[in-house]
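Okay, here's what each chain looks like letter by letter:
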Amino acid sequence: MTTVAYPGATGQVGVTDAANFIPELWSDEIVATYKSNLVMPQLVVTLNHVGKKGDTIHIPTPTRDAASAKAENTVINIIANTEGVKNFTISEHWEYSRLIEDIVKVQAIDSLRPFYTDDAGYALATRVDTELHQEGVKLNAYGHQGAGATVEASAYTQGAVIGSDGATNWDPGANSNAGNAAALTDAGIRRVVQSLDDNDVPSARRHLVIPPVEKRKLLGNSRFTEQAFTGETGGGNSIRNGLVGDVYGVDIYVSNNLENVTATDNSTDQIAAMLFQRECIVFIEQLRPRVQTQYKQEYLADLFTADLIFDAGVLRPEAGQVIVVDDV
């Protein structure tokens, strides 16, 4: 087939002429922003279900058992447990959409696209972090109200403790219905760490996620900043750089996305911090953030949408503890 050129022809529609009708792909930028804003997923177990069919994940939960002494001339002791399973249904589908009219694309300064890219990634990352924080309501390392530590708490009032001693149950009706939230103390952290130790929770990959107000308070406690305790010198010292690195082998992270909890008087001046080992919560990702664009002629605009599909749940409630602190 021969292609005939028309050197003198006019009226062609080229890439430059149709620039406002060519959708832009922002996927890589969205994913980069999304990842940079995630805090919780890096601290918990992540199951990659990307590209796989199905809406339910079955995770076996085998029971730990003890070794048996072998007596002379006797048969061995056969362990025959009926192992458990935890089921997680993938149901969280979230999206972020903008309808960008042609006049905006023509007249807006170049910073418009980076803003939408960053905002979409941040919005999706915040939703994932929020979901993982909300799962913290079920953590129950101390085994409050007669429930064993391996039983998921059904509410903050069942499983949560207060920061001052790490053992007293958080009570929304205490102190004339204002709640009994209390700041973290050295003793409180050590008590929660003991709760995990008592439950045979691995000591590696333990994390404490606190709000900024608790970071301020911890930095005012010499126990967390003195050189003899932190082992840091020079520019690495937490007094100089304002960071709390770790305590008792527990990495400390600061988040503005922790759950607020409400006392009986409906105040929201209390926050649910969490100390946990990574195996207590699972994050299941079925569709990583994707970006789609479609030109809508009826609006003379590009429809831009970023979305993701995921879910989260508690694997081992005995491997984490909610600690309710105040925010003043």
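One can find the structure itself at the top, above this paragraph.
Residues numbered from 1 in each chain as written. Predicted model: local features only at pLDDT ≥ 70, side-chain atom pairs only at ≥ 80, totals over all residues. Heavy atoms only, no water.

Colleague: Would you mind going over the packing of aromatic side chains with me for this structure?
Modeller: Taken as a whole and assessed by the stated rule, the structure comprises three aromatic pairs. Seen from their ring centres, F115 and Y116 are 5.8 Å apart, and the 55 degrees between their planes marks the pair as tilted. Judged by centre distance (6.0 Å) and plane angle (50 degrees), the rings of F283 and F310 are tilted. Taken together, the positions of F283 in strand β11 (residues 281–296) and F310 in strand β12 (residues 301–314) put the pair 27 residues apart, joining distant regions of the chain. Per residue, the accessibility class of F283 equals that of F310, and both read buried. (Phe/Tyr/Trp six-rings, centres within 6.5 Å; stacked < 30°, edge-to-face > 60°. Helix = DSSP H or I, 4+ residues; strand = E, 2+ residues; numbered from the N terminus. Buried < 20%, exposed > 50% of the residue type's maximum accessible area, 1.4 Å probe, protein only.)

Colleague: It is not clear to me how the pairing of strand β10 (residues 270–277) should be interpreted in this structure. Could you clarify?
Modeller: As a general feature of sheets, a regular strand has side chains that alternate between the two faces. Burial of β10 is extensive: eight of the eight residues sit out of reach of the surface. Both faces of β10 are covered, namely the face carrying Q270, A272, M274 and F276 and the face carrying I271, A273, L275 and Q277. As paired strands, strand β6 (residues 206–210) and β10 are joined by four bridges and run antiparallel to one another. Bridge assignment links L208 to a residue of β10, and that residue is L275. Here strand β9 (residues 259–261) pairs with β10 via three bridges, running antiparallel. By the bridge assignment, N260 is partnered in β10 with I271. Sheet topology places β10 next to strand β13 (residues 320–326); seven bridges connect them, and they run antiparallel. Paired with I271 across the strands is V325, a residue of β13. (Pairing = 2+ DSSP bridges.)

Colleague: Please explain the environment of N81 as it appears in this structure.
Modeller: One can find N81 in the loop between β2 (56–61) and β3 (84–89). A relative accessible area of 31% means that N81 is categorised as partly exposed. For the pair formed by N81 and R64, sequence separation is 17 residues and the distance between their alpha carbons is 9.3 Å. Each residue touching N81, except ones within four places of it in the same chain, is listed here: T63 and D65. (Contact = heavy atoms within 4.5 Å.)

Colleague: For this particular structure, what's the right way to read the pairing of β12?
Modeller: Buried residues dominate β12, accounting for twelve of its 14 residues. Bridging between strand β4 (residues 92–101) and β12 involves ten bridges; their strand directions are antiparallel. From the neighbouring strand, L99 faces β12, where its bridge partner is L303. Where β11 meets β12, 13 bridges bridge the pair, whose relative direction is antiparallel. In the strand pairing of β12, T293 is matched with F304. What sits between β11 and β12 in their antiparallel hairpin is a turn of four residues, with L300 showing a positive phi close to 50 degrees.

Colleague: Is there a simple way to explain the sheet that holds β11 in this structure?
Modeller: Backbone hydrogen bonds hold the strands of a sheet together, and the pairing may be parallel or antiparallel. Taken in spatial order, the four strands line up as β1-β11-β12-β4 in an open sheet, and their pairing is mixed. Unpaired on one side and paired on the other, β1 (45–48) and β4 mark the two borders of the sheet. The average angle at which neighbouring strand axes cross in this sheet is 25 degrees, direction not considered. Taken strand by strand, helix α3 (residues 112–135) contacts β4, β11 and β12, and its axis lies near 20 degrees from that of β12. (Axes fitted to C-alpha atoms, helices over the stretch in contact; angles between N-to-C directions.)

Colleague: Help me understand the pattern of salt bridges, please; the structure alone is not making it clear to me.
Modeller: Opposite charge on two side chains permits pairing when their charged atoms draw close. The full count for this structure, using the stated rule, is 14 salt bridges. D119 is the salt-bridge partner of R98, the closest N and O atoms lying 3.3 Å from each other. With R98 in strand β4 and D119 in helix α3, this pair connects stretches of sequence that are 21 residues apart. Owing to a relative accessible area of 23%, D119 belongs among the partly exposed residues under this scheme. Measuring nitrogen to oxygen at the nearest pair gives 3.6 Å for the salt bridge that ties E214 to K217. With E214 and K217 both in helix α7 (residues 212–219) and three residues apart, this pair spans about one turn of that helix. (Salt bridge = Lys/Arg side-chain N within 4 Å of Asp/Glu carboxyl O.)

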